[in-house]
Amino acid sequence: MDQLTQYIPVLILVVVAVCFAFGMLIISVLFGQKGRRDQIKDTPYECGMQPVGEGSTRLSVKFYLVAMLFILFDIEVVFLYPWAVVYKDMLRDHANLIFGSMITFLGILFVGYIYALKKGAFDWKR
Amino acid sequence: MDPVFAFLALLTTAGAVAAVSLRNLVHCALCLVVAFAGLAALYLQLNAQFIGFAQILVYVGAVAILIVFAILLTRGSEPGNQPILSSSWQAGLGVAVLVLGALGVAVASSFVRYYPVSPAPQPTVRELGEQLMTNYVLPLEVIGLLLTAAMIGAVIIAMHEKQGPR
Amino acid sequence: MNRMEWLANLTPTQQFVLFSVVKIIFAVAILMPIIAYAVLVERRLCAFIQDRVGPNRVGPFGLLQPLADGAKAILKEDFTPEHVRKVYYWLAPALCMIPALLTLAVIPFGSNLGNSNNRMVIADLNVGILYTFGIVSLGVYGIVLAGYAANSKYSFLGGIRSSAQMISYEIAMGMSVIPVFMLVGSLNLSAVIDYQAGRIPDPETGRLIQHSSGLLSWLVFKQPLAFLIFLVAAFAETNRLPFDLPESEQELVGGYNTEYSSMKFALFFMGEYANVILSSAMMVTLFFGGWTLPVFGLEQPADSLGKGLLHIGIFLGKMAAFLILFIWVRWMLPRFRYDQLMDLGWRRFIPLALANIVVTAILLWVRA
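Remember, it's a predicted structure, so these values are computed and weren't measured experimentally. (Residues numbered from 1 in each chain as written. Chains lettered and ligands numbered in written order. Predicted model: local features only at pLDDT ≥ 70, side-chain atom pairs only at ≥ 80, totals over all residues.)

J.: What's the story with the overall build of chain B in this structure? I'm lost.
T.: When you go through chain B residue by residue, the secondary structure sums to seven helices and zero strands. N-terminal to C-terminal, the α/β element order of chain B is α-α-α-α-α-α-α. Counting over 166 residues, chain B shows a buried share of 29%. Within chain B, residue pairs in contact and separated by at least 24 positions form 54% of the contacts whose partners lie at least 6 positions apart. (Helix = DSSP H or I, 4+ residues; strand = E, 2+ residues; numbered from the N terminus. Buried ≥ 20, exposed ≤ 12 C-beta atoms within 10 Å, placed from the backbone. Contact = placed C-beta atoms within 7 Å.)

J.: In this structure, what is going on with the overall build of chain A? I would like to understand it.
T.: For chain A, the count of helices and strands is three helices and zero strands. Reading the helices (α) and strands (β) of chain A from amino to carboxyl end gives α-α-α. Taking all 126 residues of chain A together, 39% fall into the buried category.

J.: Quick question: what am I supposed to make of the interface of chain C and chain B here?
T.: When the parts come together, some accessible area is lost, and that loss is often what is quoted as the size of the interface. Each partner contributes residues to the interface: chain C has 15 residues there, and chain B has 14 residues. Breaking the side of chain C that touches chain B down by element, the ones donating at least two residues are α5 (128-150) and α6 (153-176) of chain C. At nine residues, α5 of chain C tops the list of elements feeding residues into the side of chain C that touches chain B. Residues that form the side of chain C that touches chain B fall into these classes: 11 nonpolar, four polar and no charged. (Nonpolar A, V, L, I, M, F, W, Y, C, P; charged D, E, K, R; others polar.)

J.: Help me understand the packing of helix α4 (residues 86-102) of chain C against α5 of chain C, please; the structure alone is not making it clear to me.
T.: Each pair of packed helices gets described by two things: the angle between the helix axes and the distance between those axes. All names here are of chain C. Remark: α4 packs on α5, axes separated minimally by 8 Å, with the N-to-C direction vectors making an angle of 160 degrees. The angle between α4 and α5 falls in the class roughly antiparallel. The way α4 lies across α5 gives a crossing that is left-handed. On the side of α4, the interface is formed by Y88, Y89, L91, A92, L95, C96, P99, A100 and L102, while α5 contributes I135, V136, L138, G139, Y141, G142, I143, L145, A146, Y148, A149 and A150. Grouping the amino acids of the contact of α4 with α5 by side-chain chemistry returns 19 nonpolar, two polar and no charged. (Axes fitted to C-alpha atoms, helices over the stretch in contact; angles between N-to-C directions. Parallel < 35°, antiparallel > 145°, perpendicular 65-115°, else oblique. Left-handed = near helix turned anticlockwise from the far one by under 90°.)

J.: Just checking my understanding: could you explain helix α3 (residues 61-118) of chain A for this structure?
T.: Residues and elements named next belong to chain A. Along its 58 residues, α3 runs just 17 Å from first to last C-alpha, ending more than 12% under the 86 Å computed at 1.5 Å per residue. When the local axis directions of α3 are compared, the greatest deviation, roughly 130 degrees, occurs at H94. G120 lies just past α3 and shows a positive phi near 80 degrees. (Expected span 1.5 Å × (residues − 1). Bend = angle between axes of the 7 residues up to and from the residue.)

J.: Quick question: what am I supposed to make of helix α1 (residues 7-31) of chain A here?
T.: If you check α1 of chain A, its first and last C-alpha atoms are 36 Å apart, about what 25 residues at 1.5 Å a residue would give, namely 36 Å. Those residues of α1 of chain A that fall on the buried side of the exposure criterion are Y7, P9, V10, L13, V16, A17, A21, M24, L25 and S28 of chain A. On its buried face, α1 of chain A is in contact with α2 (25-45) of chain B together with α2 (12-49), α3 (65-75), α4 and α12 (262-287) of chain C.

J.: I keep staring at the nonpolar core and nothing clicks. Help me out?
T.: When a protein is soluble and globular, its nonpolar side chains tend to lie buried together. With 198 residues, the main nonpolar core has A67 and L69 of chain A together with F181 of chain C as its most contacted residues. Here this core takes 28 residues from α3 of chain A, the largest share from any one element. Each of domain 1 (1-77) and domain 2 (123-166) of chain B accounts for three or more of the residues forming this core. Those residues in contact with L69 of chain A, other than ones at most four positions away along the chain, are A116 and A121 of chain A together with M151 and A154 of chain B. (Core = buried A, V, L, I, M, F, W, Y, C linked by C-beta atoms within 7 Å. Domains from an automatic or database assignment.)

J.: I'm lost on the interface of chain A and chain C in this one. Help?
T.: At the junction of the two partners, chain A supplies 58 residues and chain C supplies 67 residues. Elements supplying a minimum of two residues to the side of chain A that touches chain C: α1 and α3 of chain A. Considering every element that reaches the side of chain A that touches chain C, the biggest residue donor is α3 of chain A, with 21 residues. Looking at the side of chain A that touches chain C residue by residue, the classes come out as 41 nonpolar, nine polar and eight charged.

J.: When you look at the environment of I362 of chain C in this model, what are you seeing that I'm missing?
T.: Within the fold, I362 of chain C resides in helix α14 (residues 338-367). When the C-alpha positions of I362 of chain C and A146 of chain C are compared, they lie 45 Å apart, and in sequence the two are 216 residues distant.

J.: Help me understand the confidence of the model for chain A, please; the structure alone is not making it clear to me.
T.: When pLDDT drops low, the exact placement of atoms in the prediction is not to be read closely. For chain A, mean pLDDT is 82; residues scoring 70 or higher make up 88% of the total. Here helix α2 (residues 39-42) of chain A stands out as the element of chain A with the lowest mean pLDDT, 74, in contrast to α1 of chain A, whose mean of 88 is the highest. (pLDDT = per-residue confidence, 0-100.)

J.: Could you clarify how one ought to interpret unusual backbone geometry in this entry?
T.: It is generally the case that most residues other than glycine have a negative phi and that most peptide bonds are trans. A positive phi angle is found at N47 of chain B, which is not glycine, with a value near 65 degrees. Along the chain, N47 of chain B turns up in the loop between α2 and α3 (49-74). For N239 of chain C, which is not a glycine, the phi torsion comes out positive at approximately 60 degrees. Residue placement: N239 of chain C occurs in the loop between α10 (224-237) and α11 (249-252). Given 23 C-beta atoms within 10 Å, N239 of chain C falls into the buried group.

J.: Sorry if this is basic, but what is going on with the confidence of the model for chain B here?
T.: Per-residue confidence for chain B averages 83 on the pLDDT scale, and 89% of its residues sit at or above 70. Reported for the predicted complex are a pTM of 0.88 and an ipTM of 0.87.

J.: Could you clarify how one ought to interpret the packing of α3 of chain A against α6 of chain C in this entry?
T.: Packing of α3 of chain A against α6 of chain C leaves a shortest axis separation of 10 Å and a crossing angle of 25 degrees. Classified by the angle their axes make, α3 of chain A and α6 of chain C are roughly parallel. Considering only the axes of α3 of chain A and α6 of chain C, their crossing is left-handed. Between α3 of chain A, through F63, V66, A67, F70, F73, D74 and V77 of chain A, and α6 of chain C, the contact on the second element is made entirely by I160, A164, I167, S168, I171, G174 and M175 of chain C.

Have a look at this one:
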């Protein structure tokens, strides 16, 4: 079968999922109670206290660091998939090559990981 | 032109244009996500399944998330007061037209144009893996080095404040 | 007879599309009641563990409770507070639900029905697992946008916390399954099930050859560490206790959904339960043999309609067991602290998953 034909069901599922999600939202608008608006109801919920300052506070730079490290590991994992698929077959002819190349790749990245670990990038207590 | 391609190309371009021209940074980031997703769909349309999903996994699922995080962290999501176009936009436009012209002339006069178009390959993940492990081992290791350098750089930038006195 | 002729006159592509539509409608129609009843089971089980009765008034044993809950979610006031960012406020619940439903596409929930062309998987993609992880990574947007849209401190903190947690455990999850695919040699999820049923492709011809199989050829017994990491990562990905930091009630009220009401609120919950159900389905597929059972020839694709239905039943049964596990754990374990959560993900699981990959590689090499 043509590779693209495989994606027709995925596309149909996307349409179904989008219709379902927004359909639910629309149903609740159509059938939901219509209540009054007042000032108290319109304030952000903070357990009955008057909200002070902006809704979005500043955050620890750690969150940024986590996202950055996530990208790097994500790319690493993406490279691991094609390797994993061919690993067993290529062991017969190029065992040294396939084992050595990926161990080197992982080893180089592990150095970076150890560095981040020692620098306390994963230490959320501080 | 293939209508599917036309639609995806239009979507991708529109997303990219919106990403650079909108005022609110969160809108921009989400338009960038649309552009990335459009690119991924274009890869899928070219039967490059692995690259297509790698694009979603890495760009839509990771790079764009980092951008959203960075915007939320710096509280820069409210529109600024500067005009969208910089003061030297005429010069920029001129350079862009020149570059486009030079590229166009180069492509038009290239001998590559006279090669017959080879049929599109249908690469499987298996073939990709074999190529990656034989012909492209060195680039793979270089990518490993690059990623490590990026990791160390990110840690140095983000953890910088910890070294100084508080 | 007339109807069959009409069906036979269609081109293969048209038939394929038609069957796909039918399959999708049935799959979604089965998933929705499972989500609804998962909530009821959760409440009844929680009540049982805490020595209470739980909802038992609507219908016999409270069996109609999900209907009442649904009607309530629809009929409640759909309130959009003044301080929210409107577009994202509306978009976020939908973005939570859509990826959860899309994961359904590549999961083989049965062998076949009727004839062997009607495979019980919506889209049998060759890069199945990449599709899954790609879609799962989109789930972060719903939560981060919910936190941003609500423009309230609790929501914002909950959203950011949750997304950082999800991306952290995505790495552990992605790495944990690499050894599985080293053994199977394909990213296709049907191939994973074939492998566990002893149908392994011949290296030269690519034809499937039946090897002897049994319970021990399930990947959970071949890769127990991979399964353990995947299981814990699945708990973290779906924001379930002991990792429900984003909605930890005592600190953040409700987390990213604090400012939401009526159906929008319900959509977040349906998204969460859909994620729980689909990660159960992933675990069944990857580690517990999918729709197969190593007895009575049930590891072979169905040759009759009844057997095909039985396969779907087996799959749903295994999935239900995991669902119960998810619920049981929630009421048994206390919540992790945020630093403990990050510590577990980044400092324990990533090296562990890497070590598992290397050990599996060495073992395969020694055996070859």
